[in-house]
Amino acid sequence: MSSGDGQQSRAFTKPTFTEVQASALVESVFGFKVSKIQPLPSYDDQNFHVHISRTKDTTDDPVDYVLKISNTESSQIPDLIEMQNHIIMFLREAGFPTASVCRTKGDNTISLVSIDSGSETKSYLVRMLTYLPGRPIAEVAISHQQLYEIGRLAAQLDKALEKFHHPKLNLLHRENFIWNLKNVPLLEKYMDALSQNQNREIVEQVIQLFKEEVMTKLSHFRECINHGDLNDHNILVDSSKSASGDAVYQVSGILDFGDMSYGYYVFEVAITIMYMMIESLNPIQVGGHVLAGFESVIPLTAVERSALFLLVCGRFSQSLVMAEHSCRLYPENKDYLMITAKTGWKHLQQMFDMGQKAVEQIWFETAKSYESGISM
């Protein structure tokens, strides 16, 4: 769920290509004949599920792709988008279930197209990835063990990215990027999106506590590259039947690398916990299982653990405030933008009502239970 750095989601940056225009792009840029195309939900870019007509020469190629058209702000930083493609390819090579990147007719991973709208010409970056199978975990009831595995996956991603090298890697230092978790204080610019009510009061408290208790600890956190958006719609799963007949879910796809930036290990686990809470019937319990999985790969330090509660609250605040802000700009996309808000405000309120100490006790005791091989 991302946009360009600095002032996020300015009006009229989201592409508005029709299916006919998108089909023409696929054919002109990538050289494929489209048999069917349909829009996919997205935050402030535009995505299409593309079905390709096979020819005798391409019988072994995939048939399904995702055409991604970046918003006008992101399209001004092609080096960053291209590096995201290289990260996707690097992770796929390392064994992660990421998409394959489709080359353009000019053998590039991205292409800049200009569209004359009559009053002005706008430029958009386009790229195409293979379509990954599976269902978003938002649609399935996931077990404690699967939460553990997702936590483990988040840590393995960050660990793998320690070995990623690229000449433009410094572009991931996105200082004013609203979705980097250290930028929770930047939410103050967007508070007019909230009414004067209890929700706003909680976010104001989160921002103040974040300044006092998280920003002062950043130098003690271990830095890494974060995926930054392992939400319940960006992790896909396939199901199989266990010996007992129950559904067992395996991660079949990791989507959306648009929010990648330099952050810290503890950011990744906090973001993952927050998003795994969204659809859970027992949201407060979620954190311990995700934390246990993450710490099986990267154990957190005491100071990182002490910030986890506020980091999760901070991510809830980012997601909820920016959804309200974006709804003002793109009211037609409200259903997608407000996914987190359906339960998010309630979960954030519950965390605040219980308090940091009580929530941490549940998380840390649950995580500890995995050490004995008996998860709670």
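What comes next is a walk through the structure. Predicted model only: the values in this text are computed from it and were never measured. (Residues numbered from 1 in each chain as written. Predicted model: local features only at pLDDT ≥ 70, side-chain atom pairs only at ≥ 80, totals over all residues. Heavy atoms only, no water.)

### With respect to the pairing of strand 10 (residues 247-254)
Part 1: For strand 9 (residues 235-241) and strand 10, the ladder comprises 7 bridges, and the chain directions are antiparallel. Bridge pairing in strand 10 places Ser240 opposite Val248.
Part 2: Taking the residues that link successive antiparallel strands as the turn, the strand 9-strand 10 hairpin has 5 residues, and the phi of Gly245 there is positive, at about 95°. (Pairing = 2+ DSSP bridges. Helix = DSSP H or I, 4+ residues; strand = E, 2+ residues; numbered from the N terminus.)

### Describing helix 2 (residues 78-93)
Part 1: Helix length check: helix 2 (16 residues) gives 23 Å between terminal C-alpha atoms against 22 Å at 1.5 Å per residue, within 8%.
Part 2: Those residues of helix 2 that sit buried are Leu80, Ile81, Met83, Gln84, Asn85, Ile87, Ile88 and Leu91.
Part 3: Of the residues trailing helix 2, Gly95 is marked for its positive phi of about 105°. (Expected span 1.5 Å × (residues − 1). Buried < 20%, exposed > 50% of the residue type's maximum accessible area, 1.4 Å probe, protein only.)

### Notes on unusual backbone geometry
Part 1: Positive phi values are uncommon outside glycine, yet Asp107 reaches one of about 65°.
Part 2: Tracing the backbone shows Asp107 in the loop between strand 4 (101-102) and strand 5 (111-116).
Part 3: Non-glycine residue Asp256 carries a positive phi angle of around 60°.
Part 4: As for its placement among the helices and strands, Asp256 is situated in the loop between strand 10 and strand 11 (261-264).

### Details of the environment of Thr98
Part 1: Turning to its location among the elements, Thr98 is positioned in the loop between helix 2 and strand 4.
Part 2: Take Thr98: its relative accessible area is 1%, and that puts it in the buried class.
Part 3: Between the alpha carbons of Thr98 and Ser296 there is a distance of 22 Å; along the sequence they are 198 residues apart.
Part 4: When near neighbours in sequence (up to four residues on either side) are disregarded, Thr98 contacts Ile88, Leu91, Arg92, Leu132, Ile254 and Phe257.
Part 5: Here the side chain of Thr98 touches Ile88 through a polar contact of 3.0 Å, landing on its backbone oxygen. (Contact = heavy atoms within 4.5 Å. Polar contact = N/O pair within 3.5 Å; in protein donor to acceptor, adjacent residues only side chain to side chain.)

### Considerations on helix 4 (residues 198-213)
Part 1: Compared with an ideal rise of 1.5 Å per residue, which puts 16 residues at 22 Å, helix 4 spans 22 Å between its outermost C-alpha atoms and is within 8% of the ideal.
Part 2: Turning to helix 4, its buried residues number three or more, namely Arg200, Ile202, Val203, Val206, Ile207 and Phe210. All buried residues of helix 4 lie within an arc of 160° about the axis, which places them on one face of the element.
Part 3: Between a side-chain oxygen at the N-terminus of helix 4 and the backbone nitrogen of Asn199 the separation is 3.1 Å; the capping residue is Asn197. (Arc of directions from axis to C-beta.)

### Some points on the packing of aromatic side chains
Part 1: In this structure the tally under the stated criterion is 6 aromatic pairs.
Part 2: A ring pair is formed by Phe17 and Tyr124, whose centres lie 5.2 Å apart and whose planes are at 80°; its orientation type is edge-to-face. Taken together, the positions of Phe17 in the segment before helix 1 (19-30) and Tyr124 in strand 6 (residues 121-130) put the pair 107 residues apart, joining distant regions of the chain.
Part 3: Here Tyr124 falls in the buried class, since its relative accessible area comes to 6%.
Part 4: Through successive ring pairs, a cluster of aromatic residues spans Phe221, Tyr264 and Phe267.
Part 5: A cation over an aromatic ring shows up here: Arg174 above the ring of Phe177, its NZ or CZ 3.7 Å from the ring centre.
Part 6: Looking at Arg305, its charged tip hangs above the ring of Phe364, at a distance of 4.3 Å from the centre. (Phe/Tyr/Trp six-rings, centres within 6.5 Å; stacked < 30°, edge-to-face > 60°. Lys NZ or Arg CZ within 6 Å of the ring centre and 35° of its normal.)

### What to know about the pattern of salt bridges
Part 1: Evaluated as defined, the whole model comprises 10 salt bridges.
Part 2: For the salt bridge of Arg315 with Asp229, the shortest nitrogen-to-oxygen distance reads 4.0 Å. Residue Arg315 is found in helix 7 (residues 302-329), and its partner Asp229 is found in the loop between strand 8 (223-226) and strand 9; the two are separated by 86 residues along the sequence. When sorted by exposure, Arg315 lands in the same class as Asp229, which is buried. (Salt bridge = Lys/Arg side-chain N within 4 Å of Asp/Glu carboxyl O.)

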